[in-house]
Amino acid sequence: RAFCGSRRQPAPLPVPQKIVATWEAISLGRQPVPEYFNFAHDVLDVWSRLEEAGHRPPNPAFWWVSGTGAEVKWSFEELGKQSRKAANVLGGACGLQPGDRMMLVLPRLPEWWLVSVACMRTGTVMIPGVTQLTKKDLKYRLQASRAKSIITSDSLAPRVDAISAECPSLQTKLLVSDSSRPGWLNFRELLREASTEHNCVRTKSRDPLAVYFTSGTTGAPKMVEHSQSSYGLGFVASGRRWVALTESDVFWNTTDTGWVKAAWTLFSAWPNGSCIFVHELPRVDAKVILNTLSTFPVTTLCCVPTIFRLLVQEDLTRYQFQSLRHCLTGGEALNPDVREKWKRQTSVELYEGYGQSETVVICANPKGTKIKSGSMGKASPPYDVQIVDDEGNVLPPGEEGNVAIRIRPTRPFCFFNCYLDNPEKTAASEQGDFYITGDRARMDKDGYFWFMGRNDDVINSSSYRIGPVEVESALAEHPAVLESAVVSSPDPIRGEVVKAFIVLTPAYFSHDPEVLMRELQEHVKRVTAPYKYPRKVAFVSELPKTVSGKIQRSKLRSQEWGK
Ligand code: ATP
Ligand code: MG
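Source: prediction; values computed, not measured.

Each value, and the rule that gives it
Residues numbered from 1 in each chain as written. Chains lettered and ligands numbered in written order. Predicted model: local features only at pLDDT ≥ 70, side-chain atom pairs only at ≥ 80, totals over all residues. Heavy atoms only, no water. Helix = DSSP H or I, 4+ residues; strand = E, 2+ residues; numbered from the N terminus. Buried < 20%, exposed > 50% of the residue type's maximum accessible area, 1.4 Å probe, protein only. Lys, Arg positive; Asp, Glu negative; His and termini not counted. Salt bridge = Lys/Arg side-chain N within 4 Å of Asp/Glu carboxyl O. Polar contact = N/O pair within 3.5 Å; in protein donor to acceptor, adjacent residues only side chain to side chain. Contact = heavy atoms within 4.5 Å. Near = heavy atom within 4 Å. Areas by Shrake-Rupley, 256 points an atom, 1.4 Å probe, with all protein chains shown as cover. Arc of directions from axis to C-beta. Core = buried A, V, L, I, M, F, W, Y, C linked by side-chain atoms within 4.5 Å. Pairing = 2+ DSSP bridges. Axes fitted to C-alpha atoms, helices over the stretch in contact; angles between N-to-C directions.

*Asks:* For this particular structure, what's the right way to read the side chain of D491?
*Replies:* By the element assignment, D491 lies in strand β25 (residues 481–491). Of the side chains bearing the opposite charge, R494 lies closest to the buried D491, which forms no salt bridge; the N-O distance is 4.5 Å. A polar contact of 3.0 Å, which involves the side chain of D491, links it to the backbone nitrogen of I493. Once residues within four sequence positions are removed from consideration, D491 is found in contact with E496 and V497.

*Asks:* For this particular structure, what's the right way to read the site of ligand 1?
*Replies:* Around ligand 1 sit 21 residues in total, of which T214, T217, T218, D439 and K550 are the nearest. One of the side-chain nitrogen or oxygen atoms of D439 is found 2.6 Å away from an oxygen atom of ligand 1. Look at ligand 1: alone it shows 630 Å² of surface, and the protein chains cover 96% of it. Among the secondary structure elements, those contributing two or more residues to the shell around ligand 1 are β14 (350–355) and β22 (449–454). Of the residues forming the shell around ligand 1, the biggest block, 4 residues, is contributed by β14.

*Asks:* Looking at this structure, how should I read unusual backbone geometry?
*Replies:* A negative phi holds for most residues other than glycine; trans holds for most peptide bonds. Following P381, the chain continues to P382 via a peptide bond in cis, the omega torsion being 15°. Mapped onto the secondary structure, P382 falls in the loop between β16 (378–379) and β17 (385–388). That bond from R408 to P409 is cis: its omega, 10°, falls within 30 degrees of zero. By the secondary structure assignment, P409 is in the loop between β18 (401–406) and β19 (418–419). The phi torsion at D421 lies on the positive side, around 55°, for a residue other than glycine. Tracing the backbone through its elements, the reader meets D421 in the loop between β19 and α14 (423–428). Non-glycine residue S463 carries a positive phi angle of around 65°. Mapped onto the elements, S463 comes out in the loop between β23 (459–461) and β24 (464–466). Residue class for S463 comes out exposed when judged on its relative accessible area of 68%.

*Asks:* Sorry if this is basic, but what is going on with helix α11 (residues 286–295) here?
*Replies:* Side chains three or four residues apart in an α-helix point the same way, a direct result of the helix having 3.6 residues per turn. Within the span of α11, buried status applies to A286, I289, L290, T292 and L293. The buried residues of α11 all sit within an arc of 160° when viewed along its axis, so they share a single face. Summarising the contacts, the buried residues of α11 are in contact with β10 (250–253), β11 (275–279), β12 (300–302) and α12 (305–311). One side-chain oxygen of the residue at the start of α11 lies 2.9 Å from the amide nitrogen of K287, identifying that residue as D285.

*Asks:* What exactly am I supposed to notice about the nonpolar core here?
*Replies:* The nonpolar side chains of a soluble globular protein tend to be buried with one another. Y231, W270 and W342 are the most contacted members of the largest nonpolar core, which totals 122 residues. Per-element accounting of this core gives the leading share, 8 residues, to helix α4 (residues 110–122). Contact partners of W270, with chain neighbours within four places excluded, come to F39, V43, L44, W47, A61, F62, F76, L79, W113, V117 and I276. In terms of nonpolar packing, the next biggest core, distinct from the first, is built from 23 residues, V125, V130, L133 and W184 among them.

*Asks:* Looking at this structure, how should I read the pairing of β22?
*Replies:* Successive residues of a regular strand alternate their side chains across the two faces of the sheet. As paired strands, strand β21 (residues 434–443) and β22 are joined by 5 bridges and run antiparallel to one another. The partner of A441 across the bridge, within β22, is F451. Connecting the antiparallel pair β21 and β22 is a turn made up of 5 residues, with G447 showing a positive phi of about 90°.

*Asks:* Help me out: how do you make sense of the side chain of E349 in this one?
*Replies:* Here E349 is to be found in the loop between α13 (336–346) and β14. A polar side-chain atom of E349 sits 2.8 Å from a polar atom in the side chain of R339. In this structure the side chain of E349 is engaged in a polar contact, spanning 3.1 Å, whose partner is the side chain of K343. Apart from residues no more than four positions distant in its own chain, E349 is found in contact with C327, R339, K343 and I371.

*Asks:* I'm lost on the pattern of salt bridges in this one. Help?
*Replies:* Think of it this way: side chains of opposite charge can pair up when their charged atoms draw near. A complete count under the given rule lists 36 salt bridges for this structure. The partner of E51 in a salt bridge is R56, and the shortest N-O contact between them spans 3.6 Å. Residue E51 is classed as buried on the basis of its relative accessible area, which comes to 17%. Among the salt bridges present, the one from D384 reaches R406, with a minimum N-O distance of 2.7 Å. With D384 in the loop between β16 and β17 and R406 in strand β18, the pair connects residues that are 22 residues apart, well separated along the chain. In this structure D384 comes out as partly exposed when scored by relative accessible area, which is 29%. Judged by its relative accessible area of 27%, R406 falls in the partly exposed class. Among the ionic contacts, a cluster of salt bridges with common partners joins R309, E332, E483 and K545.

*Asks:* I keep staring at the sheet that holds strand β27 (residues 536–539) and nothing clicks. Help me out?
*Replies:* Paired through their backbone hydrogen bonds, the strands of a sheet run either parallel or antiparallel. Overall, mixed pairing links the 3 strands, which are arranged β25-β26-β27 in an open sheet. Both outer strands of the open sheet, β25 and β27, are each paired with one neighbouring strand and no more. With direction set aside, neighbouring strand axes in the sheet form an average angle of 25°. Where β25 and strand β26 (residues 495–504) come together, 10 bridges link them in antiparallel fashion. In the sheet register, V487 faces β26, and the bridge partner there is K499. Packed onto the sheet, helix α15 (residues 468–476) meets β25 and β26 and runs at close to 140° relative to β25. Along the sheet, helix α16 (residues 513–527) contacts β25, β26 and β27; its crossing angle with β27, the most-contacted strand, is approximately 130°.

Listed below in structure tokens is the structure:
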């Protein structure tokens, strides 16, 4: 009899899951990347057909709210239609050819997602930038990237006008606005009139998709070039495992559109059929974020640690989150204290991930796996992540070294092509068989990675090596500390010592600084190894940060060392 002694055949997967499973297998490096790949054609248009065939819950693919009552909701079909119109604007009025570059500097407006997809449809290489860019930043980026076009909004247009004469490659300027401006094409008007018919350009998997300027935490931002497949297929597996997305999820990442995390969200959510939720969020406001979670059926939330540090300052028990079931963070180290406070008050765990503009997810805590507080999780497949010494030799568990990704004999497909126009920097990022991230960490015997700091941020005091994050996390446990940055400071005897720059919580503003300093020093000695305590302390009103919200320890360090 068939069922005696033989295993029952597993039930065939439903159509969408079968398709996603194939993308996931490629993402995990278990199946080869196809020679030709275009995310709009091969992922979005496929979901549009699945949606039409009733294989997806009636969930929008994109949901934007202004915070003042306006809403935009697109199904995959509507997203397809609108983005084909946008593609006709890029190929028509803007005259962009495959391989041409376009800068996208927009607030969190639906047009950012439309134009990103239109770039894919036309083979235009997109270069997102954050809206806080100054004239100088814009000039640097436009000149370095030789972008032929820029799309931006009213508030940035004057800054672009002030420098565009010095950017000879720039041919067209596209404005997202309800009014017109001399010298600019009006995107909304052109979109209204554009045809919905468009043939997607056939791109090779290795063709460039995007150029990202890094956050510039340690110096001038670098141009990181990604291919159509590196991002387009590289996030499917982590999207399913770490972000835990399915076609019924509503995923909100509060990130600015100009930062790489917006792409991480796009390429994690849409292959998994999930809805991308966006709040316009003109400025980061904890109460707005918490109210939005209470009003809309957001299932999955991702914010940088800086934002979670703000959120846990609020009384979270006053809010009832409608549908929230999964939370994520990354981009900076998460202090264990923040994670514990969030979990205690919301009953939702916070899963940290680690990566760079150059990569997809390097380490993560997939949903449901055991979290070791303070660790950024285990290597995220298909990456082989190791701790190596300065010669590229793999170090044993427990030893501190460089976080490295194996790129030889096989370079993972989900990896940047190069630092654009900078072969020296590209070559310098490799050592032996590895790509060197520039971050220091150790791996424990269970394969969990423990971040110490960026290479330059690690403090060497009387031959003790001290990671700033350990000291900052210890400080974060004290109620007086809103946030802090720990750097090295010169010392005639020890060479360098630990100095903490501390932003106080309002309740401690009036405390005696001398007394508070001693109390915090004693606190650090109590909760971590005593040699790490900050011998110098400065109370400050804010910390220097990149526009993406990351603490710039290098600025404080230069200040300390008089550079
Ligand atoms: P630049 O390379 O110009 O200095 P950047 O490295 O800050 O800028 P990104 O690529 O946006 O630019 O950031 C990646 C870096 O952010 C990582 O190399 C690491 O230092 C830090 N990072 C990201 N996630 C985490 C995390 N979970 N824990 C600690 N650090 C993290
Ligand atoms: Mg970097």
